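Examination of the molecular architecture
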Amino acid sequence: MAGIPIYQTAILPEWIDYNGHVRDAYYGLIVSLATDALMDRVGLDAAYRARTGCTLYTVEMHIHFLHEVKGTDQVGVSVRIVGADARRVHAAFEIERSGESAAAATAELMLLHVRQQGTAVGTTAFPSEVSAALAQLCEQSAGLQPAGPGSRQMALRGHGRAP
């Protein structure tokens, strides 16, 4: 794995499409579950969320589908912390099939630390212990090379016509 191992799962039968591959939406689910594992690792676990009303909110997600994942596969997910500040985390995840060295998919997320108070939601700074844990993961990620392409701005270019 190109990053720090954070999560692994078997592929569930209901995730499989009519071609025998994981349906695209379930890559997002796998990354979301890996984000939960990241939250636990840095101290934003269920007890923290219940005590503070704070959590991470996914502001943006970019996924690159690189290789098929089939129903018989197990996948592991690794993470690299690309950057973090007082309220945000830029995390890069790589999904690999067990026994394969090439990434099956990559995903980059921008995560925002928020607090919910009644119906209002606002950003809030990480506690110092969470900031320290994120800084440590960022440092561990510094020398790790990405397993696939990074995110990029999507746009139609040129003067193409509608099909």
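In case you missed it, the structure is sitting above this.
Residues numbered from 1 in each chain as written. Predicted model: local features only at pLDDT ≥ 70, side-chain atom pairs only at ≥ 80, totals over all residues. Heavy atoms only, no water.

In this section: the overall build of the chain. Per the secondary structure count, the chain includes three helices and six strands. What you see in the chain, going N to C, is helices and strands ordered as β-α-α-β-β-β-β-β-α. Summarising its shape, the C-alpha atoms of the chain cover approximately 45 × 45 × 35 Å along the three principal directions. If you take every contact in the chain between residues at least 6 apart in sequence, the share linking residues at least 24 apart comes to 68%. Counting only carbon and sulfur atoms, one obtains 50% of the accessible surface of the chain, whose full area is about 9500 Å². Within the chain, one finds 13 positive and 16 negative side-chain charges whose respective centroids are separated by 7 Å. (Helix = DSSP H or I, 4+ residues; strand = E, 2+ residues; numbered from the N terminus. Contact = heavy atoms within 4.5 Å. Areas by Shrake-Rupley, 256 points an atom, 1.4 Å probe, with all protein chains shown as cover. Lys, Arg positive; Asp, Glu negative; His and termini not counted. Charge placed at Lys NZ, Arg CZ, Asp CG, Glu CD.)

With that settled, consider the packing of helix α1 (residues 24–42) against helix α3 (residues 128–141). Viewed as axis vectors pointing N to C, α1 and α3 meet at an angle of 115 degrees, and their least axial separation amounts to 9 Å. Facing α1, whose interface residues are L38, R41 and V42, α3 presents E129, V130, A133, L134, L137 and Q140. For the contact of α1 with α3, the residue count by class is six nonpolar, one polar and two charged. (Axes fitted to C-alpha atoms, helices over the stretch in contact; angles between N-to-C directions. Nonpolar A, V, L, I, M, F, W, Y, C, P; charged D, E, K, R; others polar.)

Turning to the nonpolar core, a few remarks are in order. Grouped together as the largest cluster of nonpolar side chains are 36 residues, with contacts concentrated most on L38 and F93. If one sorts the elements of this core by residue count, α1 sits on top with eight residues. Apart from the residues within four sequence positions on either side, L38 is in contact with I6, V79, I81, A91, F93 and L137. (Core = buried A, V, L, I, M, F, W, Y, C linked by side-chain atoms within 4.5 Å. Buried < 20%, exposed > 50% of the residue type's maximum accessible area, 1.4 Å probe, protein only.)

A word on the packing of aromatic side chains. As enumerated under the stated definition, the model contains two aromatic pairs in all. Ring centres of W15 and Y26 lie 5.6 Å apart, and the angle between their planes is 15 degrees; this geometry places the pair in the stacked category. With W15 in the loop between β1 (4–10) and α1 and Y26 in helix α1, this residue pair connects regions lying 11 residues apart in the sequence. We classify W15 as buried; its relative accessible area is 5%. For Y26, a relative accessible area of 25% corresponds to the partly exposed category. (Phe/Tyr/Trp six-rings, centres within 6.5 Å; stacked < 30°, edge-to-face > 60°.)

Function-wise, these values are silent; they only describe arrangement.
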